[in-house]
Amino acid sequence: MSVIPAIRVTGLTKQFGSTTAVDHVDLEIAAGEFFSMLGPSGSGKTTVLRLIAGFEQPTGGTVELFGQDVTGKAPFDRDVNTVFQDYALFPHMSVLDNVAYGLRVRGVPRTERRDRAMRALAAVRLDQFAGRKPSQLSGGQRQRVALARATVVEPKVLLLDEPLGALDLKLREQMQVELKQIQRDLGITFIFVTHDQEEALTMSDRIAVFHDGRIEQLGTPRDLYERPASRFVADFVGTSNLFDADLSESLIGRRGEHSIRPEKLTVSAEPPSGAQMRSASGSLVESIYVGSGIRQVIDLDAGPRVTVLERNDRSRIADQERGGRVHVSWHEDDVVALIPPGA
Amino acid sequence: MTTTTTPPGVTRPVPAPRRTAARRSSAFLATHPRVRLGLLLTAPLFWLGVVYIVALALLLVTALWSVDSFTGQVRTEWTFDNIVQVVTGSLYQTVTLRTLGIALAVTVIDVALALPIAFYMAKVATPRMQRILLIAVLMPLWASYLVKAYAWRSVLSQEGILEWLVSPFGGHTPGYGLAATVVTLSYLWLPYVILPIYAGLERVPDSLLEASSDLGGKPGRTFRSVVLPLIFPSIVAGTIFSFSLSLGDYITVNIVGGANQMLGNLVYTNVGAANNLPLAAAIALIPIVIIFGYLALVRRTGALDNL
Amino acid sequence: MITLTRGARAAMIASVAVGSVLLLSACGTAGASGGGAAQEATQLGEMEKTVSILAWPGYVEDGSNDPTVDWVSGFEEKTGCTVDAKTYGTSDEAVNLMKTGEYDVMAASGDATLRLIASGDVAPVNTDLIPNYAGVYDFLKDKEWNSVDGKSYGVPHGYGANLLMYNTEKFPQAPTSWDVVFDKAGENAGKVTAYDSPIYIADAAVYLMTHQPDLGITNPYALDETQFQAAVDLLKAQRANVGEYWSDYLKEIQSFTSGDSVVGTTWQVIQNSLAGEGAPTAVTLPKEGVTGWSDTWMISSKAKSPNCAYAWLDWIASPETNAQATAYFGEAPSSQKACDFRDDCEAYHAGDADYASKIWYWTTPIADCVDGRTDVQCVDYSKWTAAWQEIKG
């Protein structure tokens, strides 16, 4: 790569006692990218973030920041800033002092740091709360203060550790949009850790899916969703109907493991006709109205239970009785072959 | 549906709770929180009132009495003689200053020692090490005060371990005296200073330290600007222990203090040997006044606001 | 000897922690009220079932503290009186307990006896009813702390002296004078020790009796203002050279063992302990004389078991029991015959009348000078206490 990446992580390994939290991770994140690290808890994503921030020292491997090796450097010597999961606002300081802290540490004169802090607060629409203590703010407001505090020092890379985890759904969706806008406005690299696949898919340029301390798959949201490379990714990112090798052979007519997304399946009373369409018969177990669509659970005669998600207007057999005979059909192109890890 | 099909007598209905007196009073209390609170607090408040307030008041009152030097009986007529004597007597001024100096020195030493130890325990040590250290800090509290004081007497003696350790480098044990008193008291009260500071540090989330470091704060700056303000009330709590315990001590100075005496010794002598309870009470008021002054000072700094 | 308990130490300390102006008043009126209403017994009757005894720790041992230390069981077997013993920590405490009338017998130090006599809490003792009284050293009988107006109020128990202890390495030649802790104390600055009690002012007075005869001190417990001031000044000068004051038996043993103290006041029992440890110390009785203590067994004027009480006084004065008890506590016994049952009598100079005459037994200083002077007021004990605090500073 001719362009120097914002972050390059090589062979990064971290062991806590006998457990390996991060296992030889290699990663390159381009400047200005919104990069997400997605995975269940204990998958090593947060540890990678903390290794990049410098809160932990790696057992092996290196961390480079814009081509400069920062492995072994203290957090205060790294040009990255972090938005913490619990926000980590200083409870004894006012909102303004919290935001100005990084500037104060850097010796910025009083009036200038006040102005800059106020501007950062204004950017997150909290300038009228400058005099308050963090305890007097709501969760969403605190989150924005944390963001202002981390961005006011103009880092090259901003690390966000599940920053929206503590917010309720409505606020979270709102903040997702805001974060994305702020990232675009500032033009800096965001590394975003989350266990919420939807959040990751919504916001990210690229996503690394972590599993057991390794990167299971790395790609754009579309890649991950449409072409999950493994059973784990297919299952963790969205929901999938998984078929093992034997079922794939009999139902789909292909070798190896495969998956099909619920929304790629169609339920009909009669077997479909058309090129490249395949189907299997089964009986309806449950039909659930979920607002934007209808989720139907069907036991295929061949064995597996599959989930089908259909839009409301197309659910012609929404009134089908439980236990009724149905056909589940799909297009050949929507079948995704899963590559086992390491293959 | 099931109730209609079950034949009567197969399942007995759950009997309604009996209207016992206990139940009625519970029901009354449940709906009258103020009465409940009042009953709950009566006993402790009574004890607080009797044991603390009345005892203090009695001390003050006793200080205003005098002893009839002829009959030895306490004369319950008001007089400020004892107070005047204690305030103006050069002996009391000297001993008060000495006691205050010792208490301050002990407090400063203890805080200086406790801060790094507590910080290591709370923020650096592994959970296992943390437990071991906590036990190590608490362990001296299991031993008798006298045993520890006599141990220091042995350590500080002319043929003690300290002399043996430092004499090859030309040093000498301070021997028995004020320095020995300060050292021994610092040792005795150290756990009482470490524990509140440790507890305070435990309450400071690690992420605050990381946030400070993340924003460019070097360890010193992080300590000054983040840790210290947050644990200041805990430090104050610790200093109240070491300061007030030192102010009132008379045994340690007796064991390792050489020929020196502190306020506690004067109280002890006047109660025991001299049978002059009013004068002893007047002397005992000195540390109380100092402690109240100290608390007032601390209050002004706002350290007690967040307790 | 080394088995001496903390209790015994406490007793010794407490016997000095005198106090009380109560005593002063009691003595002040002693002449007028005499022995009070109590009458001495003229003959003994049937033994009662129990006898309650109030004593210093270590004085009434029934083997519960140390199985080998037991002189109560023998008494119970011989007389059929069951002993119910209580120990006390200070003379003030003892006087208050005695006033309740709950106790038949009490062992009192010189600072409590006169108070009890004056208040009528104890009765005169008919020594004719105590066969073993005859064997008691004459120099312990009819003294101001156990007799009033020629009436004996008890049986002497034991006595001891406050001696001069020195480190034999620092003093190859035994010092002959207290000047090593006073005028020449500077030679061992910081390593001089002194007894931590106002009564120690008497030690300075004893020294002044020889070294400043023009002060006219005739009794170290009867000091007028001038004499008292001279003693206080002497002690203030001594203060600069004192390493530490001691009132704790173990504390002095340790400081002489470690060399933190090399010269100062002590008790024979401490020297015995140190000798047992092989410490380079020795004691001497300086030419100026010494202070000391002497304890007395007394009987309550409200005794419910007077016959058992008399039996106890006789029992404890018997050579064998007295030897056991005084040996356990660490003091000289009250009779020569007791020495037949002790092998350390020489160490305590038991029966040495000349030695005993050099001892100024602890007596509480009162305004009415105990040396008989009537032209001056003496400094009373409350002022001694105040002065002692000033001396220590």
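The shown structure was predicted, so the numbers you read here are calculated from the model rather than taken from an experiment. (Residues numbered from 1 in each chain as written. Chains lettered and ligands numbered in written order. Predicted model: local features only at pLDDT ≥ 70, side-chain atom pairs only at ≥ 80, totals over all residues.)

**Here's the deal with the overall build of chain A**
Broken down by element type, chain A carries nine helices and 18 strands. If one aligns the C-alpha atoms of chain A with their principal axes, the spans along those axes are about 75 × 45 × 40 Å. Buried residues in chain A amount to 42% of all 343 residues. (Helix = DSSP H or I, 4+ residues; strand = E, 2+ residues; numbered from the N terminus. Buried ≥ 20, exposed ≤ 12 C-beta atoms within 10 Å, placed from the backbone.)

**Description of the overall build of chain C**
Along chain C, the regular secondary structure elements total 13 helices and 14 strands. Per-residue burial over chain C gives 58% buried out of 393 residues. A fraction of 76% describes how many contacts in chain C between residues 6 or more apart in sequence connect residues 24 or more apart. (Contact = placed C-beta atoms within 7 Å.)

**Points about the interface of chain B and chain A**
At the junction of the two partners, chain B supplies 15 residues and chain A supplies 17 residues. Secondary structure elements with two or more residues in the side of chain B that touches chain A: α10 (206-214) and α11 (219-248) of chain B. At six residues, the largest contribution of residues to the side of chain B that touches chain A is made by α10 of chain B. Partitioned by chemical class, the residues of the side of chain B that touches chain A number seven nonpolar, four polar and four charged. (Nonpolar A, V, L, I, M, F, W, Y, C, P; charged D, E, K, R; others polar.)

**Considerations on the sheet that holds strand β14 (residues 277-289) of chain A**
All names here are of chain A. Sheet architecture is open: five strands sit in the order β13-β17-β14-β15-β16, paired in antiparallel fashion. Whereas interior strands pair on both sides, the edge strands pair on one side only; in this sheet they are β13 (266-268) and β16 (305-311). On average, each strand axis in the sheet is inclined to that of its neighbour by 45 degrees, with strand direction left out of account. Pairing of β14 with strand β15 (residues 293-300) involves seven bridges; the strand directions are antiparallel. (Pairing = 2+ DSSP bridges. Axes fitted to C-alpha atoms, helices over the stretch in contact; angles between N-to-C directions.)

**Observations regarding the arrangement of the chains**
The top pair by number of contacts, from a total of two pairs of chains in contact, is chains B and C. No interface is formed between chain A and chain C, the nearest pair of C-alpha atoms being 47 Å apart.

**Topic: the sheet that holds strand β4 (residues 60-65) of chain A**
With respect to topology, four strands assemble into an open sheet ordered β2-β1-β4-β5 (chain A), the strand pairing being antiparallel. Both outer strands of the open sheet, β2 (19-29) and β5 (68-69) of chain A, are each paired with one neighbouring strand and no more.

**A word on the pairing of strand β9 (residues 242-246) of chain C**
Residue and element names in this part refer to chain C. In terms of burial, β9 is a largely internal element, five of the five residues being buried. In this structure, strand β8 (residues 192-195) lies alongside β9, joined through four bridges in parallel fashion. Counted as the bridge partner of Thr193 is Glu244 from β9.

**As for unusual backbone geometry**
Phi is positive for Ala88 of chain A, which is not a glycine, with a value near 50 degrees. Positionally, Ala88 of chain A belongs in the loop between β6 (80-83) and α2 (95-105). Overall, Ala88 of chain A belongs to the buried group, with 27 C-beta atoms counted inside 10 Å. If you check the backbone angles, His349 of chain C has positive phi at about 55 degrees while not being a glycine. One can find His349 of chain C in the loop between β13 (332-333) and α12 (353-357).

**Digging into the pairing of β2 of chain A**
All names here are of chain A. Relative to β2, strand β1 (residues 7-16) runs antiparallel, the two being bridged by seven bridges. Bridged to Phe16 within β2 is Thr19. Turn length for the β1-β2 hairpin, with the two strands adjacent in sequence and antiparallel, is two residues, and the turn residue Gly17 shows positive phi of about 65 degrees.

**As for the confidence of the model for chain A**
Looking at chain A, the pLDDT average stands at 88 and 96% of residues meet or exceed 70. Mean pLDDT across the elements of chain A bottoms out in helix α9 (residues 245-252) of chain A (80) and peaks in strand β3 (residues 34-38) of chain A (95). (pLDDT = per-residue confidence, 0-100.)

**A closer look at the environment of Ala282 of chain B**
All names here are of chain B. Structurally, Ala282 can be placed in helix α14 (residues 277-301). For the pair formed by Ala282 and Asp81, sequence separation is 201 residues and the distance between their alpha carbons is 9.6 Å. Once residues within four sequence positions are removed from consideration, Ala282 is found in contact with Ala63, Asn82, Ile83 and Val86.

**Some points on the nonpolar core**
Counting residues in hydrophobic clusters, the biggest one holds 134 residues, and the most contacted among them are Ile52, Val99, Ile191 and Val209 of chain A together with Ile197 and Ile283 of chain B. Sorting elements by how many residues they give to this core places helix α9 (residues 178-203) of chain B first, with 15 residues. Not counting the four nearest positions on each side in its chain, Ile283 of chain B is found in contact with Val86, Tyr92, Leu263, Leu266, Val267 and Asn270 of chain B. Core analysis: the next-biggest nonpolar cluster, separate from the first, contains 120 residues, Tyr59, Ala94, Ile253 and Trp362 of chain C among them. (Core = buried A, V, L, I, M, F, W, Y, C linked by C-beta atoms within 7 Å.)

**What about the packing of helix α5 (residues 90-124) of chain B against α9 of chain B?**
Residues and elements named next belong to chain B. It is at 6 Å that the axes of α5 and α9 come closest, and there the two elements cross at 40 degrees. On the basis of the axis angle, α5 is oblique to α9. Crossing handedness for the pair α5 and α9: right-handed. Its residues assigned to classes, the contact of α5 with α9 comprises 23 nonpolar, two polar and three charged. (Parallel < 35°, antiparallel > 145°, perpendicular 65-115°, else oblique. Left-handed = near helix turned anticlockwise from the far one by under 90°.)

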